[in-house]
Amino acid sequence: MFSATRNTLLRSLQARAPLRTPTKRMFTQPSRILRASEHQNKPNQFNMGQNPQGRGKSRLIFGFHPFAIIASLSLLGSGYMMIIKPYLEWNEKQKQERDEKQAKIDGAAYSEEEIKQFPFDKKTIVFVLGGPGSGKGTNSEKLVDDFGFVHLSAGDLLRAEQKRPVSQYGDLIAYYIKEGLIVPHEITIGLLRNAMMDHPENDRFLIDGFPRNLVQAKAFEDTVCKAKKVLYFECPESVLLERLLNRGKTSGRSDDNIESIKKRFKTYFNDSMPVITEYAKDGKVITVSCKGTMDGVYKNTYDQVEQFFKSIGQDARPKRQ
Ligand SMILES: Nc1ncnc2c1ncn2[C@@H]1O[C@H](COP(=O)(O)OP(=O)(O)O)[C@@H](O)[C@H]1O
Ligand SMILES: O=c1ccn([C@@H]2O[C@H](COP(=O)(O)OP(=O)(O)O)[C@@H](O)[C@H]2O)c(=O)[nH]1
């Protein structure tokens, strides 16, 4: 739909373009331009300052006469009110419309009605938690292929939003990520909800790296739905540090450096661990050790997830959706 609109726009712009380019006539009629400049040398109400015959008068008006100053100021004021202010308002409105259109193009906006109608409760949501660098992303990607999940990484969604040129949250997200802090949950939950709604045909979602504190966990339950399970990658700090520094050599991420990593660890131990403890009380946590080869860790992950689907009476490996 958008490409059809864009083509129509392009066609109409191309049809108008010749009007804007200078015509041959403009370049071949110097006599007209000459006459206009001759005219400028004659004294008139606009060029008194440049004309020797008008100099004395000009000093009187613009140098000393208080009424002239008041009149000029009120002219300027009314000029602002009548021309510049409406122009600025119009320009701002155009910008807002462009932003809204861009948000829709990016699939970032659903109406309240569409959100209300979406069957979040019918979806199987598994949160994937664990320290930074514990293997959440690596194993989630593999689970997508084997179990037909949609993988939604909260960190990736935030980084994508940060880069979106018209996003109002770009600078804020960049700051929170670099400082290892947790971005206000309204933003992250909005992105996750939109991303789920972008896949209405899919029933299984892995939400990776979220929730990172108890407030986020409750807000998601209240405004979206409850997760069925939590897949937790248990990993000692020394292993996390080694893997993150290694990933930092190629990831290009603003937070895979020692200063940010220390801050992320602090946030993880203070704010994120209590979420895992809380879900464990409800018997929702599947724990997988991050130690071992990639294949070894995934084998354990696979077995546990298969077991979970069997326990809720679902076909573990549905045909690819
Ligand atoms: N079992 C493993 N052994 C060694 N390196 C691993 C293992 N699992 C993941 N990694 C590597 O560790 C780094 C962090 O993994 P990643 O999946 O990005 O973690 P997270 O998503 O939890 O931050 C990546 O460079 C990844 O290739
Ligand atoms: O729900 C979330 C998920 C991520 N982040 C931010 O994104 C960063 C990177 O998260 P990601 O899950 O991509 O990476 P990890 O730290 O697990 O390697 C975190 O440190 C937070 O600053 C956040 O604020 N809220």
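Refer to the structure above for everything that follows.
Since the structure is predicted, the reported quantities are computational estimates derived from the model, not experimental observations.

Visitor: Can you help me understand the sheet that holds strand 5 (residues 285-289) in this one?
Guide: Hydrogen bonds between backbone groups are what pair the strands of a sheet, and the pairing can be parallel or antiparallel. The five strands are arranged 2-3-1-4-5 in an open sheet whose pairing can be described as parallel. Both edges of this open sheet fall to strand 2 (150-153) and strand 5, since each of them pairs with a single strand only. Each strand of the sheet is rotated relative to its neighbour by a mean of 20 degrees, with strand direction disregarded. Two elements, strand 1 (residues 124-130) and strand 4 (residues 229-234), share five bridges in a ladder whose sense is parallel. Along strand 4, the bridge assignment pairs valine 128 with leucine 231. Running over the sheet, helix 8 (residues 154-163) touches strand 2 and strand 3 (204-208) and is turned about 65 degrees from strand 2.

Visitor: What's the story with empty space enclosed by the protein in this structure? I'm lost.
Guide: In this approach a probe as big as a water molecule rolls over the atoms, and the regions it shows empty are the leftover space. Across all of its chains, the model carries two cavities of 30 Å³ or more by this definition. The calculated volume of the largest cavity comes to roughly 70 Å³. Along its surface, the largest cavity is lined by Val128, Leu129, Gly130, Lys136, Gly209, Pro211, Arg212, Tyr268, Ser272 and Ile276. Among the secondary structure elements, those contributing two or more residues to the lining of the largest cavity are strand 1 and helix 13 (258-281). Along the lines of polarity and charge, the residues of the lining of the largest cavity split into five nonpolar, three polar and two charged. Roughly 50 Å³ of internal volume is contained in the second largest cavity. Lining the second largest cavity are Val126, Leu143, Phe149, Leu206, Lys229, Leu231, Ile286, Val305 and Phe308. Secondary structure elements with two or more residues in the lining of the second largest cavity: strand 4 and helix 14 (294-311). Tallied by class, residues from the lining of the second largest cavity come to eight nonpolar, no polar and one charged.

Visitor: Explanation requested: the site of ligand 1 in the structure shown.
Guide: Gly133, Lys136, Gly137, Thr138 and Arg247 are the nearest of the 14 residues found near ligand 1. Residue serine 134 places a main-chain N or O atom 3.2 Å away from an oxygen atom belonging to ligand 1. Between ligand 1 and glycine 135 there is a distance of 3.1 Å, counted from an oxygen atom to a backbone nitrogen or oxygen. For ligand 1, the protein covers 76% of the area, taking 560 Å² as the surface of the free molecule.

Visitor: How should unusual backbone geometry be read in this particular structure?
Guide: With an omega of 0 degrees, the peptide bond running from phenylalanine 210 to proline 211 counts as cis. Mapping proline 211 onto the fold places it in the loop between strand 3 and helix 11 (214-223).

Visitor: Just to check I follow, could you spell out the layout of surface pockets for this structure?
Guide: In this model, the largest pocket occupies a volume close to 980 Å³. As for the largest pocket, its lining consists of 43 residues, and the residues nearest its centre are Pro132, Gly133, Lys136, Arg247 and Arg253. Looking at the lining of the largest pocket, the elements that each hand over two or more residues are helix 7 (136-147), strand 2, helix 8, helix 9 (170-178), helix 12 (237-251), helix 13 and helix 14. The residue inventory of the lining of the largest pocket, partitioned by class, reads 14 nonpolar, 18 polar and eleven charged.

Visitor: Explain the site of ligand 2 to me, please; I cannot follow it from the model alone.
Guide: Every one of the 21 residues lining ligand 2 counts as a neighbour, but Lys136, Arg159, Leu181, Val183 and Arg264 are closest to it. Separating an oxygen atom of ligand 2 from a side-chain N or O atom of arginine 159 is a distance of 2.8 Å. Here arginine 212 contributes a side-chain N or O atom positioned 3.0 Å from an oxygen atom of ligand 2. For ligand 2, the accessible surface in isolation is 520 Å², of which the surrounding protein chains cover 97%. In this structure, ligand 2 is accommodated by the largest pocket. Sorting elements by how many residues they give to the shell around ligand 2 places helix 8 first, with four residues. Class assignment of the residues belonging to the shell around ligand 2 gives a composition of nine nonpolar, five polar and seven charged.

Visitor: Quick question: what am I supposed to make of the environment of proline 184 here?
Guide: Within the element layout of this structure, proline 184 appears in the loop between helix 9 and helix 10 (185-197). For proline 184, a relative accessible area of 26% gives the class partly exposed. The spatial distance from the C-alpha of proline 184 to the C-alpha of glutamine 216 is 8.6 Å, given a sequence separation of 32 residues. Excluding anything up to four places from it in sequence, proline 184 contacts Leu172 and Tyr176.

Parameters and conventions
Residues numbered from 1 in each chain as written. Chains lettered and ligands numbered in written order. Predicted model: local features only at pLDDT ≥ 70, side-chain atom pairs only at ≥ 80, totals over all residues. Heavy atoms only, no water. Pairing = 2+ DSSP bridges. Helix = DSSP H or I, 4+ residues; strand = E, 2+ residues; numbered from the N terminus. Axes fitted to C-alpha atoms, helices over the stretch in contact; angles between N-to-C directions. Contact = heavy atoms within 4.5 Å. 1 Å grid on protein atoms, 1.4 Å probe; cavity = no way out; pocket = protein on both sides within 12 Å on 5 of 7 lines; lining within 4 Å. Points joined across faces, edges and corners; volume = space filled by probe spheres on them. Nonpolar A, V, L, I, M, F, W, Y, C, P; charged D, E, K, R; others polar. Near = heavy atom within 4 Å. Polar contact = N/O pair within 3.5 Å; in protein donor to acceptor, adjacent residues only side chain to side chain. Areas by Shrake-Rupley, 256 points an atom, 1.4 Å probe, with all protein chains shown as cover. Sits in = over half its atoms within 2 Å of the grid points. Buried < 20%, exposed > 50% of the residue type's maximum accessible area, 1.4 Å probe, protein only.

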